[in-house]
Amino acid sequence: MYKEVPGNKHINQHYYEECFVISRKVLQEGSEFAMKILLTSDWYLPAVNGVVTSIMNLKKGLQARGHDVKILTLSFRARSYTCQDVVYIGSVDVGMIYPCARLRVALARKEVQELLEWGPDVVHSNCEFSTYFLAHEIARKLNIPLIHTYHTVYQDYTHYFAPNRMIGQRIAREFSRWTAGRAQAVIAPTAKVAEILRGYDLNNSIYVVPTGIDAGRLQPLHEEERQKQRQQLGISAGHTVLLYLGRLAHEKNCQELIRAMVPLKGRPVTLLLVGDGPARKELEQLACTLNVEQQVVFAGMVPPEQVGEYYALGDLFVSASVSEAQGLTYAEALLAGLPLLCRRDGCLNDIIVNGENGWQYQTVDEFVKRVEWFCANPYFRQRARSCAKQQSKRFTVEAFAASVEQVYKQQQAMLHCYKKVIA
C-alpha cells in the first residue's frame, strides 16, 4: 500500500480537509470501475532502463486489474506512428546531452487529438521532458488528474548538464519544482526520493509507492546450465560471483567495485559487470591498471529477456551507487535469491535488513570484509538467499498496480471535490 507524504496546499486548508475526507470515503467504499489510463514517457521499448521496466510492469498490472492502458512515448525515428496501444512521437537523438536521450521534433497534433477523443480518465507521466508537455496538455484539456512519477534524482547527474555541482543542484531543484509541481500528485519510488522532493517545497501530494518487479522473467537456471554459462564468460569453477547489473556510468561508481577487487586478488572471487555505458572503456582500463582483469568480467549489454539468467549466475549482488531513485535491480536481485552488498544509501533503508538479506557498507575495507565473510560462511549464504526471496514479495507487480490505482482514485475524488468546494 502507498504512503502519502502531505505537501503544502494552494487551496484553503478547510477546503483541502473536506476534499481529503470525502476522497478517503470514496476509497473505503470501493468504487470499482475500469479506467482509461494514459502512461507517458520519453523512453519505452526497445529501450532498456529502469523507467521502461517500471512502465512495462505498471501497464501489465493495471491491465490485469481490468483497466484500458495506452502508452505515449518517443519514436526512435523522426516519424510518428501508432502500434497497437503504443503511440510513438517522432524524435531525434540528443545523446550529446545525456546518453540515449531523445527530443521530440513532431508536433503530434493528430496523435494528441486521437488520445483526446479516446478520453483517458488519468494521465500518468514518467518523464520530465518531451512527453511531459504533451501529458500536461492532455490532462489540462480534459480536466483530469495528472500524476507524475519522479524516477530520476537529477541532483546526482549534474556532471551531464552543469559546469559544477553547486550550479547543477540549483538547476535540478528548480527544474524538478517546475515540472513535478505542475502535476496534481507525485509518486516517489522510495522514501529517499520523497524526502528530496519535500526539500524542493512542492505544493502537491507526494505518495511513496515502491516499483513492482515481474517475477516471470527471473526464472532460475539448472545448476548444469548455470555452470556452463559461467564457464562461457570465463569465470573459474568454484568462484563466488559478485554481480553488478546496470549502466556503466560515472554516477554508478563501478570504479569502487573494481578497486575493491585488489585486496581480493588471488581469492576465488569474480566481479561480473552486466551492462554497458559511457564509462565502460575507462573501467576496463582501470581493471588492467590494477592488475585484476582476470577477476573482473564485462558481460556487456544483454537483452531484457535474458536478464533473469544473469541474476542466476551471481552469488551476491553488489553496488557502489548512491544515485538510485528506486534501485529496481536491488528488488530483482532479492527476488532471484541474491543477498545484497551495497553502499549505504537512503533508497536501501526499506530494502536491506543488515545481516539478514545482506548489508549496507560505508568503506571499501568494510566491503572486502563482508565479501570474505560471505565466502567463508555457506550456512549464512543459504539463509540469506531464503530471506532475500521472502522479503522481495513486497515488490510484486500486483502490489505495485494496486497501490498506483489507489493514488489514481484518490486524486480523481480530490479533483471532483475541489471543483465542488470552489464552485
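The coordinates are above.
Being a predicted model, the structure only gives us computed values, none of them experimental. (Residues numbered from 1 in each chain as written. Predicted model: local features only at pLDDT ≥ 70, side-chain atom pairs only at ≥ 80, totals over all residues. Heavy atoms only, no water.)

Student: Any details on helix α2 (residues 50-64)? Residues and values, ideally.
Tutor: With 15 residues, α2 extends 21 Å between its outermost C-alpha atoms, agreeing within 8% with the 21 Å of an ideal straight helix rising 1.5 Å per residue. Of the residues flanking the start of α2, the one acting as N-cap is Asn49, its side-chain oxygen 3.1 Å from the backbone nitrogen of Val51. (Helix = DSSP H or I, 4+ residues; strand = E, 2+ residues; numbered from the N terminus. Expected span 1.5 Å × (residues − 1). Polar contact = N/O pair within 3.5 Å; in protein donor to acceptor, adjacent residues only side chain to side chain.)

Student: Got a sec to walk through the pattern of salt bridges? Specific residues and values, please.
Tutor: Taken as a whole and judged by the stated rule, the model has 21 salt bridges. Among the ionic pairs, Glu405 bridges to Arg65, the shortest N-O distance being 3.0 Å. Of the two residues, Glu405 is situated in helix α14 (residues 397-421) and Arg65 in the loop between α2 and β3 (68-74); the sequence distance between them amounts to 340 residues. Residue class for Glu405 comes out buried when judged on its relative accessible area of 4%. The salt bridge partner of Arg280 is Asp276, with a shortest N-O separation of 3.6 Å. (Salt bridge = Lys/Arg side-chain N within 4 Å of Asp/Glu carboxyl O. Buried < 20%, exposed > 50% of the residue type's maximum accessible area, 1.4 Å probe, protein only.)

Student: Which residues make up the packing of helix α12 (residues 364-376) against helix α13 (residues 378-391), and what values go with them?
Tutor: The N-to-C vectors of α12 and α13 enclose an angle of 100 degrees; their axes lie 5 Å apart at closest approach. The angle between α12 and α13 places the two elements in the roughly perpendicular class. Two secondary-structure elements touch here, α12 through Trp373, Phe374, Cys375 and Ala376 and α13 through Pro378, Phe380 and Arg381. Among the residues making up the contact of α12 with α13, the classes are represented as six nonpolar, no polar and one charged. (Axes fitted to C-alpha atoms, helices over the stretch in contact; angles between N-to-C directions. Parallel < 35°, antiparallel > 145°, perpendicular 65-115°, else oblique. Contact = heavy atoms within 4.5 Å. Nonpolar A, V, L, I, M, F, W, Y, C, P; charged D, E, K, R; others polar.)

Student: Lay out the pairing of β3 with the relevant residues and their values.
Tutor: Counting buried residues along β3, five of its seven residues qualify, which places the element largely inside the surrounding structure. As paired elements, strand β2 (residues 36-40) and β3 share five bridges and run parallel to each other. Note on β3: the bridge partner recorded for Leu39 is Ile71. Following the backbone out of β2, through α2 and into the adjacent parallel β3, one traces a crossover that is right-handed. (Pairing = 2+ DSSP bridges. Right-handed = clockwise from strand over helix to strand, strands pointing away.)

Student: Got a sec to walk through the sheet that holds strand β14 (residues 296-300)? Specific residues and values, please.
Tutor: Two orientations exist for strands paired in a sheet by backbone hydrogen bonds: parallel and antiparallel. Read from one edge of the open sheet, six strands run β14-β13-β12-β15-β16-β17, paired in parallel fashion. Looking at strand neighbours, the two that pair on one side only are β14 and β17 (358-361), the edges of this open sheet. Recorded for the sheet is a direction-independent mean angle of 20 degrees between the axes of neighbouring strands.

Student: Which residues make up the packing of aromatic side chains, and what values do they have?
Tutor: For the structure on display, the rule yields 14 aromatic pairs. Between the aromatic rings of Phe129 and Phe175, the centroid separation amounts to 5.3 Å while the plane-to-plane angle is 20 degrees, which identifies the pairing as stacked. Of the two residues, Phe129 sits in the loop between β8 (122-125) and α4 (130-142) while Phe175 sits in helix α5 (residues 165-180), which places them 46 residues apart along the sequence. Exposure remark for Phe175: the relative accessible area of 24% places this residue in the partly exposed category. Taken together, a centroid distance of 5.1 Å and an interplanar angle of 70 degrees make the contact between Tyr361 and Phe367 edge-to-face. For the residue pair Tyr361 and Phe367, the accessibility class agrees, reading buried in each case. The structure contains a cluster of three or more aromatic residues connected by ring pairs, namely Phe129, Tyr150, Tyr154 and Phe175. The aromatic ring of Trp118 is capped on one face by Lys70, whose charged end is 5.2 Å from the ring centroid. (Phe/Tyr/Trp six-rings, centres within 6.5 Å; stacked < 30°, edge-to-face > 60°. Lys NZ or Arg CZ within 6 Å of the ring centre and 35° of its normal.)

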